[in-house]
Amino acid sequence: MENSWFQKGFKKIEEPKSPDSMIESLMSDVHAAFAVQPMCYTAFDLISSLAQGFDLSGLFEKEERSGSMFTTKKEAKEIVSKFEEIATSSERFDLKKINVGVIKMEDRREGRKGQVAIEVEIFEVTESFNMVEFKKSGGDTMEYKQFCDRELKPSSKDIVWKWQGN
Amino acid sequence: MSQCVDGFKHVCNSLLRCFDIDIGKSSGGPGDPELLARDTVCNALISSSISTPFISVSEIEALYELFKKISSAVIDDGLINKEEFQLALFKTNKKESLFADRVFDLFDTKHNGILGFEEFALALSVFHPNAPIDDKIDFSFQLYDLKQQGFIERQEVKQMVVATLAESGMNLSDEVIESIIDKTFEEADTKHDGRIDKEEWRILVLRHPSLLKNMTLQYLKDITTTFPSFVFHSQVEDT
């Protein structure tokens with residue numbers, strides 16, 4: 001390798017990053033993204049999201065719906081960290097940022113209808129009061145529901161103030 | 001325009017024939033509530049067909065099935081009272097809600113405390129995915145205009161925010177609530193007169209389309225699949 005003939009045009013291959021340092025850089029990317037404020041919630045947004053009486057889908061549904069929205073007293077970056085934690089410990093979901101205030105969790109595995117993907121959106125009502133809404137953005141509904149009921153919801157308990165509908 | 005109305009009359013006539021065949025429980029005589037219901041809804045829908053030309057025969061039938069289900073829950077009289085409405089919305093009649101009351105009042109165009117099929121169908125038609133956005137904007141404005149004065153006052157917004165938080169079991173300090181409303185009015189009340197009129201509401205909603213999310217019920221588009229039993233009753237093809 002010391003021979004100049006080999007060194008011509010040679011570019012040293014960088015050592016692949018260890019998983020830990022990759023997670024670290026991902027986390028700092030995500031945190032940087034959330035240095036900007038998430039979308040602002042007006043009083044009307046608050047009312048239309050939380051007031052069950054304004055939501056007529058109840059007329060068509062047979063049972064009580066399980067919520068996909070919750071209020072929290074945590075700040076945006078704590079919320080993001082929590083979802084990172086959930087993604088990491090699931091050992092199958094990756095976290096991506098789509099937009100300001102919107103993150104996406106995507107299953108690495110292929111499910112019955114492709115990869116399950118969950119979009120999480122954070123709305124700021126006040127500094128210490130945020131709304132978090134998550135919904136399925138890809139994959140099989142059953143698999144999405146299973147993940148929500150078994151992992152996402154139980155694990156997010158410590159940041160949830162109130163679930164919508166309860 | 002006239003094509004719409006003709007097409008609509010055709011749909012309604014088909015529906016009339018359809019209900020004649022499905023005689024079932026009704027006696028069929030004049031004054032029979034079922035016949036009256038479908039006659040009035042047809043007339044009402046014909047006159048509003050210019051703005052809501054989306055209802056097909058099977059959709060009206062399916063909507064009627066839903067209406068019958070809701071209206072027979074407490075008193076089987078072919079009408080929805082407030083208790084039955086609450087029961088249908090919340091699956092419990094123990095829940096008092098400022099908002100359900102407001103919705104019920106808006107549905108109740110005859111102001112007699114009960115909903116007939118015509119009122120039910122006409123109000124729900126605004127929630128159809130294909131309904132004109134202006135109708136949705138109007139309806140939502142009226143929902144928030146608690147005192148029905150033609151504008152939304154700051155005090156009304158506060159009342160609704162407080163009620164929303166109470167219903168959800170959350171409490172916030174008055175200071176925080178005031179700051180939320182301040183922020184909202186700063187954005188919405190462009191004329192700075194302490195209230196939000198229809199024009200300002202319209203502009204706000206066009207900027208925040210998610211404010212209208214409750215004004216569209218996807219279920220209405222698929223209603224014939226939610227109430228499929230009607231497919232067998234209908235002897236008439238959809239046009």
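Criteria and cut-off values
- Residues numbered from 1 in each chain as written.
- Chains lettered and ligands numbered in written order.
- Predicted model: local features only at pLDDT ≥ 70, side-chain atom pairs only at ≥ 80, totals over all residues.
- Heavy atoms only, no water.
- UniProt positions renumbered as here; feature names shortened; annotations may be inferred.
- Core = buried A, V, L, I, M, F, W, Y, C linked by side-chain atoms within 4.5 Å.
- Buried < 20%, exposed > 50% of the residue type's maximum accessible area, 1.4 Å probe, protein only.
- Helix = DSSP H or I, 4+ residues; strand = E, 2+ residues; numbered from the N terminus.
- Contact = heavy atoms within 4.5 Å.
- Axes fitted to C-alpha atoms, helices over the stretch in contact; angles between N-to-C directions.
- Parallel < 35°, antiparallel > 145°, perpendicular 65-115°, else oblique.
- Left-handed = near helix turned anticlockwise from the far one by under 90°.
- Nonpolar A, V, L, I, M, F, W, Y, C, P; charged D, E, K, R; others polar.
- Buried area = accessible area lost by both parts, 1.4 Å probe.
- Salt bridge = Lys/Arg side-chain N within 4 Å of Asp/Glu carboxyl O.
- Polar contact = N/O pair within 3.5 Å; in protein donor to acceptor, adjacent residues only side chain to side chain.
- pLDDT = per-residue confidence, 0-100.

In the nomenclature of an unreviewed UniProt entry, chain B corresponds to Calcineurin B-like protein from the organism Brassica cretica. UniProt, in the comment section headed Subunit (unreviewed entry), describes chain B in these words: "Homodimer. Interacts with CIPK." The record in UniProt for chain B states the following under Function (unreviewed entry): "Acts as a calcium sensor. CBL proteins interact with CIPK serine-threonine protein kinases. Binding of a CBL protein to the regulatory NAF domain of a CIPK protein lead to the activation of the kinase in a calcium-dependent manner."

The name that an unreviewed UniProt entry assigns to chain A is non-specific serine/threonine protein kinase, with the source organism given as Brassica cretica.

A. Layout of the nonpolar core. Residues L56(A), F107(B), L124(B), F127(B) and W201(B) are the most contacted members of the largest nonpolar core, which totals 72 residues. Looking at this core element by element, the count peaks at 7 residues for helix α3 (residues 57-71) of chain B. Among all residues touching W201(B), those that are not within four sequence positions of it are F44(A), I137(B), S140(B), F141(B), Y144(B), I152(B), I196(B) and L211(B). Formed by 23 residues, the second largest nonpolar core is a distinct cluster that contains I79(A), F93(A), I103(A) and V160(A).

B. Representation of the packing of helix α4 (residues 76-90) of chain A against helix α5 (residues 141-156) of chain A. Residue and element names in this part refer to chain A. Packing of α4 against α5 leaves a shortest axis separation of 10 Å and a crossing angle of 135°. Classified by the angle their axes make, α4 and α5 are oblique. Considering the relative orientation of α4 and α5, their crossing is right-handed. Across the interface between the two elements, K82, F83, I86 and S90 from α4 touch F147, E151, L152, S155 and S156 from α5. In terms of residue class, the contact of α4 with α5 is built from 4 nonpolar, 3 polar and 2 charged.

C. Structural view of the side chain of N81(B). Residues and elements named next belong to chain B. Note on placement: N81 falls in strand β1 (residues 80-81). Its relative accessible area of 17% is what places N81 among the buried residues. Non-local contacts of N81, meaning those with residues more than four positions away in its chain, are made with I75, F104, G113 and I114.

D. The interface of chain B and chain A, seen in detail. Opposite the 48 residues of chain B that make contact, chain A presents 35 residues. Both faces combined, the contact of chain B with chain A buries some 3700 Å², and carbon together with sulfur accounts for 70% of it. The largest share of the area that chain B buries against chain A comes from M170(B), N214(B) and Y219(B), three residues that together contribute 16% of it. Between the two partners, chain B and chain A, sit 0 salt bridges. Put simply, chain B and chain A have 5 residue pairs in polar contact (both at pLDDT 80 or more) between them. Only α3, α4 (82-90), α5 (98-107), α7 (133-144), α8 (154-167), α9 (174-188) and α10 (198-207) of chain B provide two or more residues apiece to the side of chain B that touches chain A. Within the side of chain B that touches chain A, the residues separate by chemical class into 31 nonpolar, 10 polar and 7 charged.

E. Geometry of the confidence of the model for chain B. Residue and element names in this part refer to chain B. Of the residues in chain B, 71% reach a pLDDT of 70 or more, and the chain-wide mean stands at 79. With pLDDT under 50 throughout, residues 15-29 is counted as low confidence; its partners more than four residues away or in other chains account for 21 contacts. Scored below 50 in pLDDT, residues 229-237 shows 12 contacts in the model against residues more than four places distant or in partner chains. Both confidence scores are given for the complex: pTM 0.73, ipTM 0.76.

F. The arrangement of the environment of F129(A) in detail. Position of F129(A) relative to the elements: it lies in strand β6 (residues 129-138). Measuring from C-alpha to C-alpha, the distance between F129(A) and K73(A) comes to 4.7 Å, with 56 residues separating the pair along the chain. Contact partners of F129(A), with chain neighbours within four places excluded, come to L46(A), T71(A), T72(A), F123(A), E124(A), W161(A), L165(B), M170(B), L172(B) and I180(B).

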